[in-house]
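Listed below, chain by chain, are the residues.
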Amino acid sequence: MILRRSMLFLPGANAAMLSTAFVYKPDSIMFDLEDAVSLREKDAARLLVFHALQNPAYADIETVVRINPLATPFGLADLEAVVRAGVDIVRLPKTDSAADVHELEAQVERIERECGREVGSTRLMAAIESASGVVNALAIATASKRLVGIALAGFDYVMDMQTERGDGTELFYARCAVLHAARVAGIDAFDVVYSDVNDEAGFLREVELIRKLGFNGKSLINPRQIELLHNAYAPTEEDVEHAQRVIAAADKAEREGLGVVSLNGKMIDAPIVNHARRVLQRAQASGVRK
Amino acid sequence: MQIVKEALAGTLESSDLLVKVAPAADGRLELVIESEVMRQFGAQIRRVVAETLERLGVTAGLVVVEDKGALDCAIRARVQTAVLRGAGQVQIDWSRLS
């Protein structure tokens, strides 16, 4: 299980940020070649990200690159660069259908073969940003074995829905649809960015909501949001103690060859054991909730 | 690769660099480097720039680098961007850029 609570956006054209972002230690770093880069700097950003990906400082952190859509003049060139540079995950923006994922997968495989990378080593993520994408979320989420997650992108989605970002009501159906599609596909689900970095209370309210819904994590636009998010996703001391008792009971039952695990008279099944493992993994990564 | 027009890449922000390229006046390759960290890293910056130009096959032109403490990866990227722009190159041979 790979923890993907925080995915920090970095503008691909900004050399200073690309040179230092690894120190903030988000779970994943997402270099952006799309909306954060002006048209005349697309070539420069692509080369900066190409070299940043090969910087040893990024060897121990999961790297994601948001490429431009393949239908634009920039998308395929972005893909050529980042696959050759060894990116962990390519994030496809504006994914409306499974066909978009299939097209991306075919191009990635071609590039992997051409540059000698192991076929299948580049993973994919689809960002859903429209009503079509939300309606097709399940087909998108199950379109490729390379997909590790799907993300909801709020700004374009609310524009498409002829509404605006607010208290989350406007995202209610989209969040549920994306999350259910991800769970059916057995992949991760990521929530939208929270753009007001000075509104800590609002950010935490949104994080609490998406955590309870079941999202794996959230895209972030500022390093200040990382610790807040990780702490909100950290289990309580009580959660950790209970998880330890569950794992101990499961281990004991396995040692004794028992088919049924119980703790304090209650039966424990596989989903409960898996949940306990996730709790302990989060506790190991970020301690208990403060 | 031949530099056929003046071109710029990068910025003068901290941790970045600005690279200017221009066609050669006399068929030679001239390299001018200024850096805030010239005393500590001048030789390293020059080596990275020279290696990058060599891999691109640039043998003539004026290349001016104003460095503001950029990492090697940023230096390579900015030099390559400026040269590709100066050469009017659209098709990229990625094996020359790694």
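From a predicted model like this one, the values you see are computed outputs, not experimental measurements. (Residues numbered from 1 in each chain as written. Chains lettered and ligands numbered in written order. Predicted model: local features only at pLDDT ≥ 70, side-chain atom pairs only at ≥ 80, totals over all residues. Heavy atoms only, no water.)

K.L.:
So, the overall build of chain A: which residues are in play, and what are the values?
P.N.:
When helices and strands are counted, chain A shows 12 helices and 10 strands. Its C-alpha atoms give chain A a radius of gyration of 20 Å, near enough to 19 Å, the size a compact globule of 290 residues would have. With the C-alpha coordinates of chain A rotated into their principal frame, the extents come out at 65 × 45 × 40 Å. Here chain A holds 290 residues, and the buried ones make up 50% of them. Partitioning the contacts of chain A with sequence separation of at least 6, the portion at a separation of at least 24 is 70%. With an accessible surface of roughly 13,500 Å², chain A has 52% of that area assigned to carbon and sulfur atoms. When the 33 basic and 41 acidic side-chain charges of chain A are each reduced to a single mean position, those positions are 4 Å apart. (Helix = DSSP H or I, 4+ residues; strand = E, 2+ residues; numbered from the N terminus. Rg over C-alpha atoms; globule rule 2.2 N^0.38 Å. Buried < 20%, exposed > 50% of the residue type's maximum accessible area, 1.4 Å probe, protein only. Contact = heavy atoms within 4.5 Å. Areas by Shrake-Rupley, 256 points an atom, 1.4 Å probe, with all protein chains shown as cover. Lys, Arg positive; Asp, Glu negative; His and termini not counted. Charge placed at Lys NZ, Arg CZ, Asp CG, Glu CD.)

K.L.:
Describe the side chain of Gln225(A), naming the residues involved and giving the relevant values.
P.N.:
All names here are of chain A. Mapping Gln225 onto the fold places it in helix H10 (residues 224-233). The exposure class assigned to Gln225 is buried, which follows from its relative accessible area of 2%. Look past the residues within four positions of Gln225 in its chain and what remains in contact with it is Tyr194, Val197, Phe203 and Leu220.

K.L.:
Please set out the pairing of strand E5 (residues 123-128) of chain A residue by residue, giving values where relevant.
P.N.:
Residue and element names in this part refer to chain A. A large share of E5 lies buried, amounting to 5 of its 6 residues. Of the pairings in the sheet, the one linking strand E4 (residues 89-92) to E5 comprises 4 bridges and is parallel in character. Note on E5: the bridge partner recorded for Val90 is Leu124. When E5 meets strand E6 (residues 147-152), the two strands line up parallel, connected through 5 bridges. Within E6, the position partnered with Ile128 by the bridge is Leu152. (Pairing = 2+ DSSP bridges.)

K.L.:
Mind laying out the interface of chain B and chain A, listing which residues take part and the relevant values?
P.N.:
Taken together, the contact pairs 16 residues of chain B with 20 residues of chain A. Of the roughly 1,500 Å² buried at the junction of chain B and chain A (both faces included), carbon and sulfur atoms supply 63%. For the pair chain B and chain A, the number of links is 2 salt bridges. Linking Asp43(A) and Arg85(B) is a salt bridge whose minimum nitrogen-to-oxygen distance equals 2.7 Å. (Buried area = accessible area lost by both parts, 1.4 Å probe. Salt bridge = Lys/Arg side-chain N within 4 Å of Asp/Glu carboxyl O.)

K.L.:
Help me get a handle on helix H4 (residues 98-115) of chain A, residues and values and all.
P.N.:
Residues and elements named next belong to chain A. For H4, built from 18 residues, the straight-helix expectation of 26 Å at 1.5 Å per residue is met to within 8% by its first-to-last C-alpha distance of 26 Å. Every buried residue of H4 is listed here: Ala98, Val101, Leu104, Val108, Ile111 and Glu112. Along the axis of H4, the buried residues cluster in a sector spanning 150 degrees; they form a single face. Packed against the buried residues of H4 are helix H3 (75-85), E4, E5, helix H6 (137-141) and E6. Gly116 lies just past H4 and shows a positive phi near 85 degrees. (Expected span 1.5 Å × (residues − 1). Arc of directions from axis to C-beta.)

K.L.:
Break down the nonpolar core for me, citing the residues and quoting the values.
P.N.:
Core analysis: the biggest nonpolar cluster contains 93 residues, and Phe31(A) and Ile150(A) have the highest contact counts within it. Those residues within four positions of Ile150(A) in sequence are excluded, and the remaining contacts are Ala126(A), Ile128(A), Ala137(A), Ile140(A), Ala141(A), Val178(A), Ala181(A), Ala182(A), Ile187(A), Asp188(A), Ala189(A) and Phe190(A). (Core = buried A, V, L, I, M, F, W, Y, C linked by side-chain atoms within 4.5 Å.)

K.L.:
Hey, could you go over the UniProt feature "modified residue: O-(phosphoribosyl dephospho-coenzyme A)serine" (unreviewed entry) in chain B for me, with residue numbers and the actual values?
P.N.:
All names here are of chain B. Annotation from UniProt places "modified residue: O-(phosphoribosyl dephospho-coenzyme A)serine" (unreviewed entry) at Ser14. For Ser14, the location among the structural elements is in the loop between strand E1 (7-10) and strand E2 (17-22). Look at Ser14 and you get exposed, because its relative accessible area is 54%. (UniProt positions renumbered as here; feature names shortened; annotations may be inferred.)

K.L.:
Tell me what's going on with H3(A), and back it up with residues and numbers.
P.N.:
Residue and element names in this part refer to chain A. The buried fraction of H3 is high, at 8 of 11 residues. Turning to H3, its buried residues are Gly75, Asp78, Leu79, Glu80, Ala81, Val82, Val83 and Ala85. Contacts made by the buried residues of H3 are with helix H2 (42-53), strand E3 (62-66), E4 and H4. Immediately beyond the C-terminal end of H3, within one or two residues, lies Gly86, with a positive phi of roughly 90 degrees.

K.L.:
Can you tell me about the domain arrangement of chain A, naming the residues and giving the values?
P.N.:
The assigned domain composition of chain A is domain 1 (6-233) and domain 2 (237-286). Centre-to-centre, using C-alpha coordinates, domain 1 of chain A lies 33 Å away from domain 2 of chain A. (Domains from an automatic or database assignment.)

K.L.:
Tell me about the sheet that holds strand E7 (residues 188-191) of chain A, residues and numbers included.
P.N.:
Spatially, the 8 strands close up into a barrel ordered E1-E2-E3-E4-E5-E6-E7-E8 (chain A), and their pairing is parallel. Across the sheet, the mean angle from the axis of one strand to that of its neighbour is 25 degrees, orientation sign disregarded. (Axes fitted to C-alpha atoms, helices over the stretch in contact; angles between N-to-C directions.)

K.L.:
Give me the lowdown on the pattern of salt bridges, citing residues and values where you can.
P.N.:
Residue and element names in this part refer to chain A. Going through the model one piece at a time under the given rule, you end up with 34 salt bridges over all chains. Between Arg110 and Glu80 there is a salt bridge whose closest N-O contact spans 2.8 Å. Remark: Glu80 occurs in helix H3 and Arg110 occurs in helix H4; sequence separation between them is 30 residues. Classification of Arg110 as partly exposed rests on a relative accessible area of 27%. If you follow the salt bridges from partner to partner, you end up with Asp32, Glu34, Asp35, Arg66, Lys94, Glu129 and Asp156 in one network.

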